[in-house]
Amino acid sequence: SQTIHQWPATLVQPVGSPLSLECTVEGTSNPNLYWYRQAAGRGLQLLFYSVGIGQISSEVPQNLSASRPQDRQFILSSKKLLLSDSGFYLCAWRPDRGPSQETQYFGPGTRLLVL
Amino acid sequence: AQSVAQPEDQVNVAEGNPLTVKCTYSVSGNPYLFWYVQYPNRGLQFLLKYITGDNLVKGSYGFEAEFNKSQTSFHLKKPSALVSDSALYFCAAPGAGSYQLTFGKGTKLSVIP
């Protein structure tokens, strides 16, 4: 079966510090991968998605970036965090083919607090 | 544009009563629609989806949803609410890109003992 992991679970960082959040998926190959941010426990904002290694699409211009160095690894980064980067970051994957192709499956999330 | 709307920010229901969480959609072509649930400080969990076929879709934890094309709705229902059903519920539909989903703003369900 497939599983998705995110770490760290919680992170407190000072303004201006760098960021690296990691997401990995097990039990599948060539998944589509997504990064979302959820502010104030409500709506989801799609930040990046990837359909393959090295292929990243950005949905919202900001000081965040994403990379996909391996097939099942998706990394969210920042060189300098802003207060407004605080939030709950969710990684998701979906199969690139098959009966569940339309469905996204989410990781447990990373709570980021920028002080 | 593809979109979904959840008209209620919060729904309160007594334990044991039936519950409904509303969703309406604006999707071109044949829509496929989803419901997800989020417990506090957790990721979203997939509950059910409508692709084609039977308008009544059954999902996890006793939830079901009815696709109504004439009313462009996809309401989530459960015959008897549990306190453990208290959570944030999201409706979703295909987004602007072929690989994307667009989510409603979420409805907080509180089941009162």
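For the structure itself, consult the block above.
Residues numbered from 1 in each chain as written. Chains lettered and ligands numbered in written order. Predicted model: local features only at pLDDT ≥ 70, side-chain atom pairs only at ≥ 80, totals over all residues. Heavy atoms only, no water.

### Observations regarding the interface of chain B and chain A
Line of reasoning, step 1. With 23 residues of chain B in contact, the opposing surface of chain A contributes 25 residues.
Line of reasoning, step 2. Both sides of the chain B and chain A interface together cover about 1,800 Å² of buried area, and 52% of this is carbon and sulfur.
Line of reasoning, step 3. Of all residues in chain B, Leu44(B), Tyr99(B) and Gln100(B) bury the most surface against chain A, accounting for 31% of the area lost on that side.
Line of reasoning, step 4. Counting across the interface, chain B meets chain A through 1 salt bridge.
Line of reasoning, step 5. One salt bridge connects Glu102(A) with Lys49(B), and the closest N-O pair in it is separated by 3.6 Å.
Line of reasoning, step 6. Where chain B touches chain A, the interface holds 8 residue pairs in polar contact (both at pLDDT 80 or more).
Line of reasoning, step 7. Among the secondary structure elements, those contributing two or more residues to the side of chain B that touches chain A are strand S5 (33-38), strand S6 (44-50), strand S10 (87-94), strand S11 (101-103) and strand S12 (107-112) of chain B.
Line of reasoning, step 8. Of the residues belonging to the side of chain B that touches chain A, the class tally is 11 nonpolar, 7 polar and 5 charged. (Contact = heavy atoms within 4.5 Å. Buried area = accessible area lost by both parts, 1.4 Å probe. Salt bridge = Lys/Arg side-chain N within 4 Å of Asp/Glu carboxyl O. Polar contact = N/O pair within 3.5 Å; in protein donor to acceptor, adjacent residues only side chain to side chain. Helix = DSSP H or I, 4+ residues; strand = E, 2+ residues; numbered from the N terminus. Nonpolar A, V, L, I, M, F, W, Y, C, P; charged D, E, K, R; others polar.)

On their own, these measurements won't tell you what the molecule is for.
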